[in-house]
Amino acid sequence: MALTLAQKLLNSHIVSGTPAVGNEVALRIDQTLTQDATGTMAYLEYEAMNSGRVKTELSVAYIDHNTLQSGFENADDHRYIQSCAAKYGLYFSRPGNGICHQVHLERFGVPGKTLIGSDSHTPTGGGIGMLAFGAGGLDVAVALGGGEYRIPYPKVVGVHLTGSLPAWVGAKDIILHLLSRLTVKGGVGKIFEYFGDGVASLSVPERATVTNMGAELGATTSIFPSDENTYKFLKAQGREEAYTPLCADEGAQYDEVVEVDLSSLVPLAACPHSPDNVVPVSELSHIKVDQVCIGSCTNSSFTDISLAAAVLKGKTVHENVSLAVSPGSRQVLAMAVASGAMGDILGAGARLLESACGPCIGMGQSPCSGGVSLRTFNRNFCGRSGTADGQVYLVSPAVAAASAVTGYITDPRTLGDMPEIKMPEVFSINDNMLIPPYSPEESEKVEILRGPNIKPVPVGKPLTGAVEGECILKVEDNITTDHIMPAGAKILPYRSNIPYLSKFCFAACDEGFSALATEKGGGIIIAGANYGQGSSREHAALVPLYLGVKAVVAVSFARIHLANLINAGIVPLTFANPEDYNLVSLGDNCVIQLSDDMNSASLTVNGKTLPLVASFSDRQKALLKAGGLLPFTGGNK
Ligand code: MIC
Ligand code: SF4
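Rules and cut-offs
- Residues numbered from 1 in each chain as written.
- Chains lettered and ligands numbered in written order.
- Predicted model: local features only at pLDDT ≥ 70, side-chain atom pairs only at ≥ 80, totals over all residues.
- Heavy atoms only, no water.
- Phe/Tyr/Trp six-rings, centres within 6.5 Å; stacked < 30°, edge-to-face > 60°.
- Helix = DSSP H or I, 4+ residues; strand = E, 2+ residues; numbered from the N terminus.
- Buried < 20%, exposed > 50% of the residue type's maximum accessible area, 1.4 Å probe, protein only.
- Lys NZ or Arg CZ within 6 Å of the ring centre and 35° of its normal.
- Near = heavy atom within 4 Å.
- 1 Å grid on protein atoms, 1.4 Å probe; cavity = no way out; pocket = protein on both sides within 12 Å on 5 of 7 lines; lining within 4 Å.
- Sits in = over half its atoms within 2 Å of the grid points.
- Nonpolar A, V, L, I, M, F, W, Y, C, P; charged D, E, K, R; others polar.
- Contact = heavy atoms within 4.5 Å.
- Polar contact = N/O pair within 3.5 Å; in protein donor to acceptor, adjacent residues only side chain to side chain.
- Expected span 1.5 Å × (residues − 1).
- Areas by Shrake-Rupley, 256 points an atom, 1.4 Å probe, with all protein chains shown as cover.

Asker: I'd like a description of the packing of aromatic side chains, backed by residues and values.
Answerer: Evaluated as defined, the whole model comprises 11 aromatic pairs. Ring centres of Y231 and Y243 lie 5.3 Å apart, and the angle between their planes is 70°; on these two criteria the pair is classed as edge-to-face. A residue pair is termed long-range when its members are at least 10 positions apart, and Y231 in helix α8 (residues 228-236) and Y243 in the loop between α8 and β12 (256-261) qualify at 12 residues. Accessibility expressed as a relative area gives 31% for Y231, which makes it partly exposed. For Y243, a relative accessible area of 23% gives the class partly exposed. Within the aromatic cluster, the residues linked to one another by ring pairs are Y494, Y500 and F504. The ring of Y581 has K474 lying over it, and the distance from NZ or CZ to the ring centre is 4.2 Å.

Asker: Hey, could you go over the site of ligand 2 for me, with residue numbers and the actual values?
Answerer: Taken together, the residues surrounding ligand 2 are H65, H101, D119, H121, S296, C297, C357, C360, I361, N378 and R384. Its atoms largely coinciding with the cavity grid, ligand 2 occupies the largest cavity. Looking at the shell around ligand 2 residue by residue, the classes come out as four nonpolar, five polar and two charged.

Asker: Which residues make up the environment of S556, and what are the values?
Answerer: Note on placement: S556 falls in the loop between β23 (549-554) and α18 (559-568). Measuring from C-alpha to C-alpha, the distance between S556 and A527 comes to 8.2 Å, with 29 residues separating the pair along the chain. If near-sequence neighbours (up to four positions away) are discounted, S556 is found in contact with G528, A529, N530, Y531 and T574. For S556, the side chain forms a polar contact with the main-chain nitrogen of N530, separated by 2.8 Å.

Asker: Would you mind going over helix α2 (residues 36-49) in detail, with residue names and values included?
Answerer: With 14 residues, α2 should cover 20 Å at 1.5 Å per step; its first-to-last C-alpha distance of 19 Å lies within 8% of that length. By the criterion of burial, α2 is predominantly enclosed, with 14 of the 14 residues buried. Taking the backbone nitrogen of A37 as reference, a side-chain oxygen 2.6 Å away marks Q35 as the first, capping residue of α2. At the C-terminal side of α2, N50 shows a positive phi close to 55°.

Asker: Give me the site of ligand 1: which residues, what numbers.
Answerer: Around ligand 1 sit 14 residues, and of these D119, S120, R384, S536 and R537 come closest. Contact distances for ligand 1 include 3.0 Å between an oxygen atom and a side-chain N or O atom of Q35. S536 places a main-chain nitrogen or oxygen 2.7 Å from an oxygen atom of ligand 1. About the coverage of ligand 1: the protein hides 97% of its 330 Å² of free accessible area. One can see that ligand 1 is located within the largest cavity. Class assignment of the residues belonging to the shell around ligand 1 gives a composition of two nonpolar, seven polar and five charged.

Asker: Account for the side chain of N567, with residues named and values stated.
Answerer: With respect to the element layout, N567 can be found in helix α18. What makes N567 buried here is its relative accessible area of 6%. Reaching out from N567, the side chain makes a polar contact with the side chain of D139 at a distance of 3.2 Å. Apart from residues lying up to four places away in sequence, N567 is in contact with L138, D139, L623, G628 and L629.

Right, dumping it as structure tokens:
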């Protein structure tokens, strides 16, 4: 049977399970990555599993999120992760080397390999033909030890690209266009596979922008074929031996097809506060801008930075705008310096930030009160910038740079001819900030270094009988993990300290949540559709677990968060009739009955019994019964 590329890669990595849509399959994982904000938990969990040296082909521990050191906490976490990398045989990417997804694409990505990362934008690797998934830290810990990664076998959506991008329209506009059509829930349970004549017009960094932000569709992952452009990119990185041509079989059938004529696209912006709230930039020209940020794992490649530089060359950033630029990696920064692009950026008055996530995760550069911030990033959830009433718009580097100069949201097509920016034939390579895995003998001598802020991982309790508790929170549709467990410079240093983090749980929805949960000894959360969209942070499950949350009943869940809840031992169930959501209120006493085989469930509330959907694989049932993945694997006993 003719297969799509995604199906070929899935099927060749299946260790168990039947490849039929919705069926749980277990995949062999070739590579893993972690970043520091999720990495501390992942390595604490890995230690608890006692799996010894890592069993993957390649695993890398990056430091890129918590780089602001306003206390000892982040530096201690970096040192802990570095010592774990040395102890267990991983590469360590030192702080300053760049954002995990950008560096991984440059230095490690291999077409056709599977990759999981404790970060939701791991699908960036799909730009180079990898099958790359975002996952919770526990799932990464299992993969590090040679265990499989389990997902429901996804539908494959073929995105048929025709034509080529007009001047001033970028890869960001492709994915914003798809978000405007499909919404932030449109990709749940699906892989987006790009095909058609238009593919050849896109370079690997452009493809990576698209696959990166496929995460905002809620997609399982996104993938491009591996072709001549992939070869050119790998060769330019001095890694042509990693190249394999890969594409769908002739006559492969997609479960759905989405047509996109690249030639018809225009510059777009996602307006506050959701990546799918998309309009043409030309409709926003009346909006004054306070801040512009260029960077993040979505749009900080050398070509992105060079295009912004060409727009800024010889100009001055508007006096009421603060422009911050964070190149995606040290390679990008070094090349922008060598090419003169950085001189043009700084000459225009930009503020240069280190090669890291920075403002994208609220690590500095929070906009002024009510400020309009244009960002080349991928998420504009309310409050994520660190300013509760900040108005964040997501745009391409061309729109960002043009607007930084004029002080208003600006359609770059008004600037005249677009400068021609080519992907370099040779990238400048300097891997001295990547520490290779230690030999087993060297690893023997390594001592794991822990700081006082590193606290134990909470562990769930076995599931026995009915789940009973008060409804301690009721939330609407599209609640993000940023709502559940906020990030930002003030809280992120505590990612390895769940008790401290718990004070901020759901603060964006209900400031009193943490106190209420503590007073009531936990309870049940009622939620709308797409609960837990966004980040892969398992803290959004571990912190509620710590606060005693026993179950979440929602209209629907986002994929990674659903897996994280089960891994933590919190029972996720959905309403059989979505309108029953309206029948539960804050403070109601809820009793959830699960059948012995865990295939059906009901919620009794206010004298009514509402049918729920319990849809668990055998393994998920076993995890929930055990109280989560750690007790299931025998870890942390
Ligand atoms: C994000 O972009 O939200 C993050 C910060 O990179 C997260 C990971 C985290 O919360 O540490 C993600 O995307 O998974
Ligand atoms: Fe970092 Fe932002 Fe990318 Fe998350 S989305 S990995 S915070 S740059």
